[in-house]
Amino acid sequence: MVEPQRIVIVGTGLAGASAAGALRDRGYGGKITMFGTEHHRPYELPALSKDVLLGKATEPAWVHEPSFYSDNEIDLQLGVSVLELRPGDHTIVDSDGAVRTYDRLLLATGSRPRVLPGAQGHVLRTLDDSLALKSALREGRHVVIVGAGWIGCEVASAARAHGCRVTVVDPLAEPLVRVLGAEMGAMFRGLHTEHGVEFKLGTGVASFSPAGVRLDDGTELHPDVTVLAVGASPRLELAEAAGLELAEGGVAVDALLRTSAPDVFAAGDITAQDHPRYGHRVRVEHWANAKDQGTHVAGPLIGLDEPYLKSPYFFTDQYDLGMEYRGLAGPDDELVVRGDVASREFIAFWLRDGRLRAAMNVNVWDHGTALKALVDAQATVTPEQLRDADLGALV
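Remember, it's a predicted structure, so these values are computed and weren't measured experimentally.

### Examining the overall build of the protein chain
Reasoning step 1: For the protein chain, the count of helices and strands is 11 helices and 26 strands.
Reasoning step 2: Against the compact-globule benchmark of 21 Å for 395 residues, the protein chain has a radius of gyration of 22 Å, which places it among compact chains.
Reasoning step 3: The dimensions of the protein chain, computed from C-alpha atoms along their principal axes, are 60 × 55 × 35 Å.
Reasoning step 4: When each of the 395 residues of the protein chain is scored for burial, the buried share is 52%.

### Here we look at the nonpolar core
Reasoning step 1: Leu-85, Leu-105, Leu-106, Leu-107 and Leu-244 are the most contacted members of the largest nonpolar core, which totals 48 residues.
Reasoning step 2: Per element, the largest residue contribution to this core is 7 residues, and it comes from helix 1 (residues 14-25).

### Remarks on unusual backbone geometry
Reasoning step 1: Non-glycine residue Glu-248 carries a positive phi angle of around 50 degrees.
Reasoning step 2: A relative accessible area of 62% places Glu-248 in the exposed class.
Reasoning step 3: Notably, Gln-378 is not glycine yet its phi reads approximately 45 degrees, a positive angle.
Reasoning step 4: Considering the arrangement of structural elements, one finds Gln-378 in the loop between helix 9 (368-377) and helix 10 (383-388).

### Points about the environment of Leu-180
Reasoning step 1: Mapping Leu-180 onto the fold places it in helix 6 (residues 177-194).
Reasoning step 2: Looking at Leu-180, the relative accessible area reads 3%, which means it is buried.
Reasoning step 3: Once residues within four sequence positions are removed from consideration, Leu-180 is found in contact with Trp-150, Phe-188, Tyr-325, Trp-350 and Met-360.

### Regarding empty space enclosed by the protein
Reasoning step 1: Inspection of every chain in the model, using the stated rule, returns 1 cavity of 30 Å³ or more.
Reasoning step 2: Considered as a void within the structure, the largest cavity measures approximately 90 Å³ in volume.
Reasoning step 3: Looking at the largest cavity, it is lined by 15 residues, and the ones nearest its centre are Val-284, Asn-289, Tyr-308, Lys-310 and Pro-312.
Reasoning step 4: Those elements that place two or more of their residues in the lining of the largest cavity are strand 20 (271-275) and helix 8 (287-301).
Reasoning step 5: Broken down by element, the lining of the largest cavity gets its largest block of residues, 4 residues, from helix 8.
Reasoning step 6: Split into classes, the residues belonging to the lining of the largest cavity amount to 6 nonpolar, 6 polar and 3 charged.

### Focus: the layout of surface pockets
Reasoning step 1: By volume, the second largest pocket is sized at about 230 Å³.
Reasoning step 2: Considering the residues around the second largest pocket, the lining is formed by Arg-277, Trp-287, Ala-288, Lys-291, Asp-292, Lys-310, Ser-311, Pro-312, Tyr-313, Arg-326, Lys-372 and Asp-376.
Reasoning step 3: At the level of secondary structure, the elements contributing two or more residues to the lining of the second largest pocket comprise helix 8 and helix 9.
Reasoning step 4: The dominant element in the lining of the second largest pocket, judged by the number of residues it contributes, is helix 8, at 4 residues.

### What about the state of the cysteines?
Reasoning step 1: Across all of its chains, the model carries 0 disulfides by this definition.
Reasoning step 2: With no disulfide of its own, Cys-153 lies 16 Å from the sulfur of Cys-164, the closest cysteine sulfur.

### Considering helix 5 (residues 150-161)
Reasoning step 1: With 12 residues, helix 5 should cover 16 Å at 1.5 Å per step; its first-to-last C-alpha distance of 17 Å lies within 8% of that length.
Reasoning step 2: Most of helix 5 sits out of view: 9 of its 12 residues are buried.
Reasoning step 3: Every buried residue belonging to helix 5 is among Trp-150, Gly-152, Cys-153, Glu-154, Val-155, Ala-156, Ser-157, Ala-158 and Ala-159, and all of these are buried.

### Focus on the sheet that holds strand 5 (residues 91-94)
Paired through their backbone hydrogen bonds, the strands of a sheet run either parallel or antiparallel.
Reasoning step 1: The 3 strands lie next to each other as 4-5-6, forming an open sheet whose pairing is antiparallel. Where the open sheet ends on each side, the last strands, each with one partner, are strand 4 (82-86) and strand 6 (99-101). Sheet twist, expressed as the average angle between the axes of neighbouring strands with direction ignored, equals 25 degrees.
Reasoning step 2: Two strands pair when backbone bridges link them, and strand 4 and strand 5 are joined in this way by 4 bridges, in the antiparallel orientation. Looking across to strand 5, one finds that Glu-84 is bridged to Val-93.

### Quick word on the pairing of strand 22 (residues 313-318)
Reasoning step 1: Of the two faces of strand 22, the one lined by Phe-314, Thr-316 and Gln-318 is fully buried and the one lined by Tyr-313, Phe-315 and Asp-317 carries no buried residue.
Reasoning step 2: In this structure, strand 22 lies alongside strand 23 (residues 321-327), joined through 6 bridges in antiparallel fashion. If you follow Thr-316 over to strand 23, its bridge partner there is Met-323.
Reasoning step 3: Between strand 22 and strand 23, which pair antiparallel and follow one another directly, the connecting turn spans 2 residues, one of which, Tyr-319, has a positive phi of 55 degrees.

Conventions used here
Each chain has its residues counted from 1, running along the sequence as written. Per-residue local features are limited, in this predicted model, to residues with pLDDT of at least 70; the limit for side-chain atom pairs, both in listing and counting, is 80 or more; totals at the level of whole chains, interfaces and linings are taken over all residues. For side-chain calculations, the full set of non-hydrogen atoms in the structure is used, while hydrogens and water are omitted. Every helix listed is a DSSP run of H or I at least four residues long, and every strand listed is a run of E at least two residues long, numbered separately from the N terminus. Both definitions apply: the radius of gyration is a C-alpha atom measure, and the globule rule equals 2.2 Å times residues to the power 0.38. Any residue under 20% of the maximum accessible area for its type is buried, any over 50% is exposed, and the rest in between are partly exposed; the area is computed with a 1.4 Å probe on protein chains only. Each nonpolar core is a collection of buried residues, namely Ala, Val, Leu, Ile, Met, Phe, Trp, Tyr and Cys, held together in the definition by side-chain atoms within 4.5 Å. The contact rule is simple, with two residues in contact once any of their heavy atoms fall within 4.5 Å. Definitions used throughout: a 1 Å grid over protein atoms alone; a cavity as a set of points that fits a 1.4 Å probe which cannot get out; a pocket as an open set with protein on both sides within 12 Å along at least five of seven lines; a lining residue as one with an atom within 4 Å of a point. Grid points are joined across faces, edges and corners, and a volume is the space filled by probe spheres set on the points. When residues are grouped by polarity, Ala, Val, Leu, Ile, Met, Phe, Trp, Tyr, Cys and Pro land in nonpolar, Asp, Glu, Lys and Arg in charged, and all others, Gly among them, in polar. In this description, the term disulfide denotes a pair of cysteine sulfurs within 2.5 Å. Here, expected helix span is obtained from the residue count minus one, scaled by 1.5 Å. Only strands that DSSP links by at least two bridges are regarded as paired with each other. Lines fitted to C-alpha atoms define the axes, with helix axes restricted to the stretch in contact, and inter-axis angles between N-to-C directions lie between 0 and 180 degrees.

Printed below as a string of structure tokens:
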């Protein structure tokens, strides 16, 4: 395959910026042009709901230093969006009206926050969102968070650190239950309850108004600050209009992160990858996936036959709890716990048909390498081994 002369990257988030850096690291000498709607240079998202919101940092972790793009002859088009992708003639149309030609193109358009009908309040996706919310989290204010997922829980932790009164609303029975199941969800609920968070679970929002939030059970809440944390939606408009195949709520890509259109690849939140490790499509909206897929896709973009094989990974920090999760478990998988949940120092494992699907270490930091190897191998293990054996010896 002939090396492309012009690569266009649509998206200046972590996936797109990681791809641009990796292309230069691999010695690619052709033209790279990046388009992004934000006016900030590429940055990573985790700090937005952690250190920036807590006031420990005034800016996120930038993917590269300011001079990186000019030093590496990467044309960074900030505040310029791509309005149309034309795979048939290998061109795009940008918001300045320019028609640009590419040899290969990477879609890395990321996600936007979901909103509820009539919703009013803060969302958290961008640096500007985080700074605006941080300024609103003042001591004594009542903060209502709609959604008890990862963002909702991390915002609750930050709001309590600022001395806010916090109420979290979610129609599900426990926070994080779709990802971690009822028992681990209850553990996180207990953590937040101990820190003064009030939960309104099993009920959703009936309506929003300037005066407050009315719940399905008739409860009226009158917060000073409302935060909408009901998930994110992948930005698929460009891909859909271009006729790319969609699947599982994302852009269908193969093991090499190729889309259904010739010379068009995708990485990050929008991808629904035919994952060789799992034998089905996987779509993940986490920092590590954006970073790792972005870095990896540089190889296929310049013609290398390199399938993406990494297992999903994510982490959270809430109060004094730190956690890492590796793998991909389902709600019906068998939960095995090593350690003491009550003290919040333990490892949780999820088994399916005797094979390890995922592992989560909570305030336990000695076994990361072994856990990654076991999860990547989908190791055949027993609950007894996971509870008592030397994890390193199981690899």
